[in-house]
Amino acid sequence: MQPLFDFLGQFTGGAGNAFVITAAILKIALFLGGVLTAVPFIIVFERKILSWIQDRPGPNRVGPFGLLQGFMDGLKLFLKEEIMPKGVDKTLFLLAPTLVVIPAFLALCIVPFGPIIQGEHLDALGSFLGLDPAMVGSGGEISQVALAVTNPNIGILYLLAITSVGVYGITLAGWSSNNKWSLLGGIRASAQMISYEITLSLAVIGVVLLAGSLNLYDIIEGQRGGFWHWNVVAQPVAILLFIVAMFAETNRLPFDLAEAESELTGGFHTEYSSMRFALFFMSEYVSMIVISAACATLFLGGFFGPIPLPWETLMEQFGLVAILAFYIVGPLVILPAKVSFFLFLFIFARGALPRLRYDQLMTLGWKYMLPIGIINLVVTACGVAIDMAITRDGEVAWVTKVSIGAVTLVLFLGWELLIFSRRRRSQLSREYRNLYRKESSSDPALAS
Amino acid sequence: MAGMEHFAEYGFFGALLLAGVLLAVGPVVIPLFISPRSRSEKSRDTYECGMDTIGSAWVRFDLAFYLFALIFVAFSVAVLYLFPVALVYDDGSYLWRDFVAVALFLGILSLALVYSWRRGVFSPALRTTSQRTHRVGE
């Protein structure tokens, strides 16, 4: 393959640049293509699982087991009429779907889907592909190739920043439609997403504290060596907070107040039709994949498997085959498996849980999750400080991680038990009851 | 060269931004050519489940949403400050000072939470139909 890059290098100022650019385009194309192909299938699986929960067959006409239903729905939406209703703010109405989709894709590029290839492995793979060792190799111009579209140092901060841009799109879509349902959906969505974003950040800071870095590769590296090293062991409460917050961030049931079919028809996308609607729909699924991958990376060891295999000995015995397998298993088997687990959780929760009321949502976000997040962070900081005071080696020992996990979990469960044992009807539902009692006594139609 | 590599990391964002724009604009433009058009005035009505629309939707809405946005700004900036703290936390030399600083910071942050809790920001005023002061569209 070296002649190809030499040829391309004439236009890009060196064969090395040509390799970097080709690799980037390949990574973007494969990853984006993979995710976009997965979306129609996820929609079919969602409808299948929901239909099993509701004891009905679900989609079963298009393709084997109805598998192609998602593609056909997409095709159908291309052929639907684009309606621009009267009285909308045209610029914002057209801009809004774009503002939702682009951040969803931009957030994708940060997720590491495989290890960094370097050292001997890069030499072996380079010679396999027929590349000049002076260009690609441990001693060459390009000494490492990361299996992620980009690998900036700010990593997780970028992810948090870019996912919150999506709020603008949804709010603007709701406002610009000039429809009461849309307006309600839009402002509800913005209030909900900003409320849960703080909890999301607090859950992430615990992990950053343990890893000492914002770089996603560093965070994954800290979880190397089996499931008992994963951050879920050290941060069991943080992962719970993260999961609840990620449901709210993606506007999925039980937090889908922004759409809420039964009360707001379609919420912020009521006035959108054809592919403009499909863009909202697609970006919802893309952000579900992104945030699942982020959760897997932060808490479940990313592309590392639950049981560490003896790769060193395998590579000595089988050489290139084992090296190739090592770099293929992560992106193609382990990370997709973890993402699928979270996607299943999303779908299962949609089938199992009713939608929350708006004030319940705010109560949960601000009065429960935020204090829990703060306490979790204080306990984690204390644990890390104790560990540092004893060992002074700049790394958090495994025992400390387990102890932090145990303490936070015990505190959390104890607090929950305390609440449940003293559970009375909440102040709020009492107020509601009194209000409606007053109303029904003054209204003759309701009183009868 | 190292500087260039760093720059290239961010160049990929540009490439992906381009891909994102194409993926966002393409699906909006393509149906303009292949989808049917009806010229009926009625189909351009605001969709309110068959009722004729009364007034605009651009009316005043509950102040509670604005309060949430304000608290969010306060908390979000505060939480952002915690990221650099978490990065330099295990420096080794001033361990307990670091922990006390984080605890104090979070304590003051919690005071803001307690204050808004006591002021009833998180339990927005409940209104039923008879108590509503203005109707949508007026």
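Residues numbered from 1 in each chain as written. Chains lettered and ligands numbered in written order. Predicted model: local features only at pLDDT ≥ 70, side-chain atom pairs only at ≥ 80, totals over all residues. Heavy atoms only, no water.

1. Points about the overall build of chain B
Line of reasoning, step 1. For chain B, the helix and strand inventory stands at three helices and zero strands.
Line of reasoning, step 2. Going residue by residue from the N terminus, the α and β elements of chain B occur as α-α-α.
Line of reasoning, step 3. The 138 residues of chain B split such that 28% are buried.
Line of reasoning, step 4. Contacts in chain B between residues at least 24 apart in sequence constitute 62% of all its contacts with a sequence separation of at least 6.
Line of reasoning, step 5. For chain B, the accessible area works out to roughly 9,300 Å², and carbon and sulfur atoms hold 67% of it. (Helix = DSSP H or I, 4+ residues; strand = E, 2+ residues; numbered from the N terminus. Buried < 20%, exposed > 50% of the residue type's maximum accessible area, 1.4 Å probe, protein only. Contact = heavy atoms within 4.5 Å. Areas by Shrake-Rupley, 256 points an atom, 1.4 Å probe, with all protein chains shown as cover.)

2. A closer look at the packing of helix 3 (residues 69-78) of chain A against helix 12 (residues 274-299) of chain A
Residue and element names in this part refer to chain A.
Line of reasoning, step 1. Two elements in contact, helix 3 and helix 12, have axes whose closest approach is 7 Å; the angle formed by their N-to-C orientations is 140°. It follows from the interaxial angle that helix 3 and helix 12 lie oblique. Of the residues in helix 12, those in contact with Gly 74, Leu 77 and Phe 78 of helix 3 are Ser 274, Met 275, Phe 277 and Ala 278.
Line of reasoning, step 2. The class makeup of the residues in the contact of helix 3 with helix 12 is five nonpolar, two polar and no charged. (Axes fitted to C-alpha atoms, helices over the stretch in contact; angles between N-to-C directions. Parallel < 35°, antiparallel > 145°, perpendicular 65-115°, else oblique. Nonpolar A, V, L, I, M, F, W, Y, C, P; charged D, E, K, R; others polar.)

3. Considering helix 15 (residues 358-391) of chain A
Residue and element names in this part refer to chain A.
Line of reasoning, step 1. Helix length check: helix 15, at 34 residues, gives a terminal C-alpha distance of 48 Å against a target of 50 Å (1.5 Å per residue), a fit within 8%.
Line of reasoning, step 2. In the structure, helix 15 departs most strongly from a straight axis at Met 369, where the bend amounts to approximately 35° and where the proline Pro 371 lies between one and four residues downstream.
Line of reasoning, step 3. Judged by how many residues are buried, helix 15 sits mostly within the fold: 24 of 34 residues are covered.
Line of reasoning, step 4. Residue Arg 392 follows helix 15 closely and has a positive phi angle near 55°. (Expected span 1.5 Å × (residues − 1). Bend = angle between axes of the 7 residues up to and from the residue.)

4. Comments concerning a negative patch on the surface
Residues and elements named next belong to chain A.
Line of reasoning, step 1. Together, Glu 120, Asp 123, Glu 312 and Glu 316 give the surface a local cluster of negative charge.
Line of reasoning, step 2. Put simply, the parts of the chain that give the negative patch at least two residues each are helix 5 (119-128) and helix 13 (311-318).
Line of reasoning, step 3. Tracing the chain through its elements places Glu 316 in helix 13.
Line of reasoning, step 4. When its relative accessible area of 67% is taken as the criterion, Glu 316 is described as exposed. (Patch = residues over 30% accessible without salt bridge, like charges linked within 9 Å, V, L, I, M, F, W, Y side chains within 5 Å. Salt bridge = Lys/Arg side-chain N within 4 Å of Asp/Glu carboxyl O. Lys, Arg positive; Asp, Glu negative; His and termini not counted. Charge placed at Lys NZ, Arg CZ, Asp CG, Glu CD.)

5. Description of the pattern of salt bridges
Residue and element names in this part refer to chain A.
Line of reasoning, step 1. Scanning the entire structure with this criterion turns up eight salt bridges over all chains.
Line of reasoning, step 2. Across the pair Arg 47 and Asp 73 runs a salt bridge, and its minimum N-O distance is 3.2 Å. In this pair, Arg 47 is assigned in helix 2 (residues 15-53) and Asp 73 in helix 3, connecting sequence segments 26 residues apart.
Line of reasoning, step 3. Residue classification places Asp 73 among the partly exposed residues on the basis of a relative accessible area of 22%.
Line of reasoning, step 4. Sharing partners across several salt bridges, the network here consists of Glu 46, Arg 252, Glu 284 and Arg 350.

6. Quick word on the interface of chain B and chain A
Line of reasoning, step 1. Each partner contributes to the interface: chain B provides 69 residues, whereas chain A provides 88 residues.
Line of reasoning, step 2. Each partner contributes to the roughly 7,300 Å² buried at the junction of chain B and chain A, and carbon and sulfur atoms together form 76% of this total.
Line of reasoning, step 3. Where chain B meets chain A, there are zero salt bridges.
Line of reasoning, step 4. Between chain B and chain A we count one residue pair in polar contact (both at pLDDT 80 or more) in total.
Line of reasoning, step 5. Mapped onto the side of chain B that touches chain A, the elements with two or more residues apiece are helix 1 (2-34), helix 2 (63-88) and helix 3 (95-118) of chain B.
Line of reasoning, step 6. In terms of residue count, helix 1 of chain B provides more of the side of chain B that touches chain A than any other element does, 18 residues in total.
Line of reasoning, step 7. Partitioning the side of chain B that touches chain A into residue classes produces 45 nonpolar, 17 polar and seven charged. (Buried area = accessible area lost by both parts, 1.4 Å probe. Polar contact = N/O pair within 3.5 Å; in protein donor to acceptor, adjacent residues only side chain to side chain.)

7. Observations concerning the domain arrangement of chain A
All names here are of chain A.
Line of reasoning, step 1. What the domain assignment lists for chain A is domain 1 (1-71) and domain 2 (80-113 + 148-421).
Line of reasoning, step 2. Relative placement of domain 1 and domain 2: their C-alpha centres are 21 Å apart.
Line of reasoning, step 3. Domain 1 puts 13 residues into the contact, and the matching count from domain 2 is 18 residues.
Line of reasoning, step 4. Both faces combined, the contact of domain 1 with domain 2 buries some 1,600 Å², and carbon together with sulfur accounts for 87% of it.
Line of reasoning, step 5. Looking at the side of domain 1 facing domain 2, the largest losses of area belong to Phe 31, Ile 42 and Glu 46, adding up to 35% of the total buried there.
Line of reasoning, step 6. Taken together, domain 1 and domain 2 are joined by two salt bridges.
Line of reasoning, step 7. Glu 46 serves as the salt-bridge partner of Arg 252, at 2.6 Å between the closest nitrogen and oxygen.
Line of reasoning, step 8. The residue makeup of the side of domain 1 that touches domain 2, split by class, is eleven nonpolar, no polar and two charged. (Domains from an automatic or database assignment.)

8. Describing the confidence of the model for chain B
Line of reasoning, step 1. Per-residue pLDDT for chain B averages 75, and the proportion of residues at 70 or more is 78%.
Line of reasoning, step 2. Predicted confidence in chain B is weakest over helix 1 of chain B, with a mean pLDDT of 75, and strongest over helix 3 of chain B, with 85. (pLDDT = per-residue confidence, 0-100.)

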